[in-house]
Amino acid sequence: MSGTAGLHAALTKLPTFAGLPPDALEPMPRRGVAHDHVRLSGKGLVARVPRWSQLGLDPFANLEQQATAFRRAAPSGHTPELAAVLPPGPELPMGALVVTEIVGRPPRLPGDMPAIARALAALHALPLPPDGERAPLPAPADPVAATLAQVERQAVWFERAGLAPEALARLGTELEAARAFRCAAPIPITLVGSDVHPGNFLIDAAGKAWFTDLEKAQYGHPAIDLAHASLYTSTMWEREVSAVLTADEVAVFHAAWEAAVPPALAEAVRPWRQPLRRLTWLRTLSWMARWRVEGGALSPDMPDSLAAHMDAHAVDVLRPEIIGWVAAEWR
């Protein structure tokens, strides 16, 4: 069983959806690499169906982690609410989540960056659970060291991706600088979205930004979210949202975030903001190097047009001149 037939069979096992007709399931255009989305017509709900786990989790662990992320992020008022969990089974091997549908449009940059900043601020300002209550969401004791370790694991793809020698040399310099970086300031830890590129937001009729993809949510450093939302690698990630932000536009984004969070959090994040842009950028670049090698094999059944865009983006962000241009921000 495949497609919406499998989803329908799984849905109708739940009393809430027992009478749901098959034609109420409306597949939505594919925009991301890891999930399909199916609208439940007339219900104000969307089924979020994993195609694979970007974190390498088994289907049950993947679903539990994502369901927990939606539950914990919902009090921010800027994420969909979890309505149902469909466990993995014969009809639906990876299971699915059913969440409230956010009616909105893709962000328009740079104008909607302050709205995205306020959505992130609402997420970052949520109360932090005690250490023993943060699972199953990842909660590294030192999220900066954990991000560097992730970059180190992924950096093997730089050598395998057939990059220009100049690109490899520049990346080597950036990696060495990331390894050598030290900051004496305490590390602020909050709930973070992690995969907060602008394409993962929708803007509703009131201009409010909603963060819709919580697969990689964890407890980490909010400066990494601020970097990932505004770096070239992210603002050019999705075709409908692509834009190149100026330094002044990034500053406006940061100012909107600082105005929306408690002053103590803004102060704690400030010394980390610029240094962690490099580390976050390397995290994305090393993943894109892997994409250059494995491509669409990472995401089964990806539409050709989306795969072609991803391929082109991976080539672009790893060009020597683009690497040098981005790195000039902190050099």
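These figures come from a predicted structure and were not determined experimentally.

Reading the values: rules and limits
- Along each chain, the written sequence defines residue order, and numbers are assigned to residues from 1.
- Only residues with pLDDT of at least 70 get local features here, since the model is predicted, and only at 80 or more are side-chain atom pairs given and counted; chain-wide, interface and lining totals rely on the full set of residues.
- Only hydrogens and water are removed before side-chain values are computed, so all heavy atoms of the structure are retained for them.
- UniProt positions are given in the numbering used here, feature names are shortened, and annotations may be inferred rather than shown by experiment.
- Each helix is a run of H or I in the DSSP string that is no shorter than four residues. Each strand is a run of E no shorter than two, and both are numbered from the N terminus.
- Pairing of aromatic rings covers Phe, Tyr and the six-membered ring of Trp, with a centre-to-centre limit of 6.5 Å; geometry is then stacked below 30 degrees between planes, edge-to-face above 60, and tilted otherwise.
- To sort residues, take the accessible area from a 1.4 Å probe on protein chains only and compare it with the maximum for the residue type: under 20% means buried, over 50% means exposed, and anything in between is partly exposed.
- For a Lys NZ or an Arg CZ to count as sitting over a ring, it must be within 6 Å of the ring centre and within 35 degrees of the ring normal.

Peer 1: Please clarify how the UniProt feature "domain: Aminoglycoside phosphotransferase" (unreviewed entry) in the chain should be interpreted in this entry.
Peer 2: UniProt feature "domain: Aminoglycoside phosphotransferase" (unreviewed entry): in the numbering of this structure it lies at residues 45–258. Structurally, residues 45–258 is divided into 40% helix and 13% strand, and its ends, taken at the C-alpha atoms, are 33 Å apart.

Peer 1: Sorry if this is basic, but what is going on with unusual backbone geometry here?
Peer 2: Outside of glycine, negative phi angles account for most residues, and trans bonds account for most peptide bonds. In this structure, proline 110 follows leucine 109 across a cis peptide bond, with omega equal to 5 degrees. Here the amide bond leading from alanine 135 into proline 136 is cis, since omega sits at 5 degrees, within 30 degrees of zero. By secondary structure assignment, the location of proline 136 is in the loop between helix H3 (113–124) and helix H4 (143–154). Positive phi values are uncommon outside glycine, yet serine 194 reaches one of about 70 degrees. Of note, serine 194 is situated in the loop between strand S6 (190–192) and strand S7 (201–203).

Peer 1: Would you mind going over the packing of aromatic side chains with me for this structure?
Peer 2: The description of two aromatic rings rests on the distance between their centres and on the angle between their planes. Applying the stated criterion to the full structure yields six aromatic pairs. Taken together, a centroid distance of 5.7 Å and an interplanar angle of 25 degrees make the contact between tryptophan 287 and tryptophan 291 stacked. Remark: tryptophan 291 and tryptophan 287 occur in helix H11 (residues 275–294); sequence separation between them is four residues, near one turn of the helix. The buried category is assigned to tryptophan 291, whose relative accessible area is 0%. Among the aromatic residues, those joined into a cluster by ring pairs are Trp237, Trp287 and Trp291. Its end group placed over the ring of tyrosine 219, arginine 134 keeps NZ or CZ at 5.8 Å from the ring centre. Lying over the aromatic face of tryptophan 157, arginine 160 brings its terminal NZ or CZ to 4.9 Å of the ring centre.

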